[in-house]
Amino acid sequence: MRTFGCQMNKHDSERIAGLLEAEGMLPAESPELADVVVFNTCCVREKADERLYGQVASLKTLKTGGRPDVLIAVGGCIGQRDGTHLRKRLPHVDVVFGTHNIGSLPALLDAARQGRPSVQILDEGETFASDLPSRREHPWHAWVSITVGCDNYCSYCIVPYVRGHERSRVLEAVVAEAEALVADGVVEITLLGQNVNSYGRDLYGKPRFAEVLRAVAATGVQRVRFATSHPKDLCGETIRAMAETPQVCKSLHLPVQSGSSRTLAAMNRIYTREHYLGLVSELRSAMPDLALSTDVIVGFPGETDEDFADTLDLFQQIGFDQAFTFIYSPREGTPAASMPQRVPKAVIQERFDSLVEVVQSSAAACNERLVGTTQQILIVGRSKRDEDMLTGRTGSNKVVHVPARDVETQRLRSGSFIDVEIDEAQTWFLLGHPLNK
Ligand code: SF4
């Protein structure tokens, strides 16, 4: 399995892996050793798109190099968008499937094994992926989708075209899945949707996300996270539910995309700079320890020096804990792709660099404030850079490394909680030592 893109895709990949294991398959160490290679793809950004086509093309040598029986399947957003075109371009691909029919993959692979390669793309979802079997990456963490699709049509975004209309899952089904996961040892649940804040509007006539938060927290799970929020739909009721429910992590990813109301209008984001700033002050007065992260696009068509100055100013005012900064990349089929007034590359780069500088300094300042505090972390495993360190995450989603030798053996397991004191702050992580050794 190769997974590209967002958390929704990671969640779908766990379902695909679960489905294939239910068919008797096992994970392979590398494509060279695999009988089936599945790509779960993303088309939100040009780079991921190009990388996918490059990687799939390079697998042709597997088949021509003596393993003609290897099956290659491409699903996810690029599968949904390109369908038969993908197989025309890469005829060695055996199966193309989309975002609405991952449950059909075993049957499509069976047909391909019998010499019938195919492309199957549906316009509507047949099921919530959460209803399918799953092979979770971590036994202690689970993704639970509460909505699929999106109705917002931000002018730069391809998602509504490949994921379809927003559909919510009934509240009882969400809670039942959370209860089953807790019984299975899950301690952290991440609720997923393109815009979780509008959860329930299609089913119940009004959003009920605050209720979801409270109900999932009541299942006995220790941490509840969610992604992604849309500033136009984040309401006071949800902020209250976050503040009043200890299990809901005090971290929020709230994509701003631009600090200029003019650019936000061109992006069809349906909120203004003032609205966003107002939300942040409401959030911070309800939860003073809240860690805030965001997404921002630099160089959207028509972005002027004044627009960008507004973005820079908003970032300086807010002081985000983290921000994912993207250079605008046109996606064919979206309204923004045909907008005139492209910003010159050199100007974009200059703006991007100055924004990254502001982000790095606010991230470092946010981390610095935590030095000397006690934090509960959930151990996620050994540090990737240093075998002698364990890595964990705080409720506010900060990465903390602690020396493994200082932690009792039975607590080395990932999925355990320990209290640590923070000794040192770097821009993107913290160093600490465990308390009550
Ligand atoms: S809210 Fe906007 S950016 Fe997010 S998935 Fe929907 S259209 Fe795309």
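Just so we're clear, the structure is a prediction, and the values are computed from it rather than from any experiment.

1. A short note on the overall build of the protein chain
Helix and strand counts for the protein chain stand at 14 helices and 18 strands. Each principal axis of the C-alpha atoms in the protein chain carries an extent, and together these give about 60 × 60 × 45 Å. Burial statistics for the protein chain: of 437 residues in total, 54% are counted as buried. At a minimum sequence separation of 6, the contacts of the protein chain that also span at least 24 residues come to 71%. A total of about 19,500 Å² of accessible surface is found on the protein chain, and carbon and sulfur atoms cover 50% of it. Here the protein chain contributes 47 positive and 56 negative side-chain charges, whose respective centroids are spaced 3 Å apart.

2. Examining the site of the ligand
Taken together, Cys150, Asn152, Tyr153, Cys154, Tyr156, Cys157, Val159, Pro160, Gln194, His230 and Arg269 make up the full set of residues near the ligand. Grouping the constituent residues of the shell around the ligand by class yields seven nonpolar, three polar and one charged.

3. Observations concerning the side chain of His230
Positionally, His230 belongs in the loop between strand 10 (223-227) and helix 10 (236-244). In this structure His230 comes out as buried when scored by relative accessible area, which is 5%.

4. Brief notes about unusual backbone geometry
A cis amide bond links Ala227 with the next residue in sequence, Thr228, at an omega value of 0 degrees. One non-glycine residue, Asn268, adopts positive backbone phi at about 60 degrees. When its relative accessible area of 29% is taken as the criterion, Asn268 is described as partly exposed.

5. So, the domain arrangement of the protein chain
Splitting the protein chain by domain gives domain 1 (2-120), domain 2 (130-368) and domain 3 (374-434). The centre of domain 1, based on its C-alpha atoms, is set 28 Å off from the matching centre of domain 2. Taken together, the contact between domain 1 and domain 2 spans 25 residues of the former and 24 residues of the latter. Inspection of the region where domain 1 meets domain 2 yields four salt bridges. With its nearest N and O atoms 3.2 Å apart, the salt bridge here joins Arg15 to Glu177. Put simply, domain 1 and domain 2 have ten residue pairs in polar contact (both at pLDDT 80 or more) between them.

6. Thoughts on the sheet that holds strand 17 (residues 417-425)
If you walk around this closed barrel you meet the five strands as 14-15-16-18-17, and the pairing is mixed. Here the average twist between neighbouring strands, direction ignored, is 50 degrees. The pairing of strand 14 (residues 374-382) with strand 17 spans five bridges and is antiparallel. Note on strand 17: the bridge partner recorded for Thr374 is Glu421.

7. Remarks on the sheet that holds strand 3 (residues 71-75)
Spatially, the five strands line up as an open sheet ordered 1-2-3-4-5, and their pairing is parallel. Each edge of the sheet is formed by a strand with only one pairing partner; in this case those strands are strand 1 (2-3) and strand 5 (118-120). Note that strand 1 and strand 2 (residues 36-41) share two bridges and pair parallel. Looking across to strand 2, one finds that Thr3 is bridged to Asn40.

8. Describing the layout of surface pockets
Estimates place the volume of the second largest pocket at around 730 Å³. Looking at the lining of the second largest pocket, the elements that each hand over two or more residues are strand 1, helix 1 (7-22) and strand 2. Considering each element in turn, the lining of the second largest pocket owes the most residues, six residues, to helix 1. Split by domain, the residues of the lining of the second largest pocket number at least three in each of domain 1 (2-120) and domain 2 (130-368).

9. Structural notes on the pattern of salt bridges
On inspection of all chains with the given rule, the structure shows 22 salt bridges. For Arg169, the salt bridge goes to Glu177, with nearest N and O atoms at 2.8 Å. The pair formed by Arg169 and Glu177 is uniform in burial state, with each residue classed as buried. Of the charged contacts in the structure, one is a salt bridge between Arg351 and Asp305, with a shortest N-O distance of 2.8 Å. Placement of Arg351 in helix 14 (residues 345-368) and of Asp305 in helix 13 (residues 305-318) is noted, with a sequence separation of 46 residues between them. Judged by relative accessible area, Arg351 falls into the buried class, the value being 7%. Through salt bridges that share partners, Asp49, Arg81, Asp82 and Arg331 make up one connected network.

10. Let's talk about the pairing of strand 17
Put simply, side chains in a regular strand alternate between the two faces of the sheet. Bridge count between strand 17 and strand 18 (residues 430-434): five bridges; the pairing is antiparallel. Bridge pairing links Glu421 to His433 in strand 18. A loop of four residues connects strand 17 with strand 18, the two strands running antiparallel in sequence.

11. Points about the packing of aromatic side chains
Counting across every chain of the model gives eight aromatic pairs. Summarising the aromatic geometry, the rings of Tyr156 and Phe300 are spaced 6.4 Å apart at their centres and angled 85 degrees between planes, so their arrangement reads as edge-to-face. Taken together, the residues span a long stretch of sequence, with Tyr156 in the loop between strand 7 (147-148) and helix 6 (159-163) and Phe300 in the loop between strand 12 (291-298) and helix 13 at a distance of 144 residues. The residues Tyr156 and Phe300 share a single accessibility class, namely buried. Pairing Tyr276 with Phe320 gives two aromatic rings, centres 6.5 Å apart and planes at 55 degrees, and the pair type is tilted. Residue Tyr276 is located in helix 12 (residues 273-286), and its partner Phe320 is located in the loop between helix 13 and strand 13 (322-327); the two are separated by 44 residues in the primary sequence. In terms of burial, Tyr276 and Phe320 fall into one category: buried. Three or more aromatic residues link up through ring pairs in this structure, and these residues are Tyr271, Tyr276, Phe315 and Phe320. Over the ring of Phe326 we find Arg45; its NZ or CZ atom is 3.5 Å from the centre of that ring. If you follow Arg208 out to its NZ or CZ, it ends over the ring of Tyr204, 4.2 Å from the centre.

Reading the values: the criteria
Residues numbered from 1 in each chain as written. Predicted model: local features only at pLDDT ≥ 70, side-chain atom pairs only at ≥ 80, totals over all residues. Heavy atoms only, no water. Helix = DSSP H or I, 4+ residues; strand = E, 2+ residues; numbered from the N terminus. Buried < 20%, exposed > 50% of the residue type's maximum accessible area, 1.4 Å probe, protein only. Contact = heavy atoms within 4.5 Å. Areas by Shrake-Rupley, 256 points an atom, 1.4 Å probe, with all protein chains shown as cover. Lys, Arg positive; Asp, Glu negative; His and termini not counted. Charge placed at Lys NZ, Arg CZ, Asp CG, Glu CD. Near = heavy atom within 4 Å. Nonpolar A, V, L, I, M, F, W, Y, C, P; charged D, E, K, R; others polar. Domains from an automatic or database assignment. Salt bridge = Lys/Arg side-chain N within 4 Å of Asp/Glu carboxyl O. Polar contact = N/O pair within 3.5 Å; in protein donor to acceptor, adjacent residues only side chain to side chain. Pairing = 2+ DSSP bridges. Axes fitted to C-alpha atoms, helices over the stretch in contact; angles between N-to-C directions. 1 Å grid on protein atoms, 1.4 Å probe; cavity = no way out; pocket = protein on both sides within 12 Å on 5 of 7 lines; lining within 4 Å. Points joined across faces, edges and corners; volume = space filled by probe spheres on them. Phe/Tyr/Trp six-rings, centres within 6.5 Å; stacked < 30°, edge-to-face > 60°. Lys NZ or Arg CZ within 6 Å of the ring centre and 35° of its normal.

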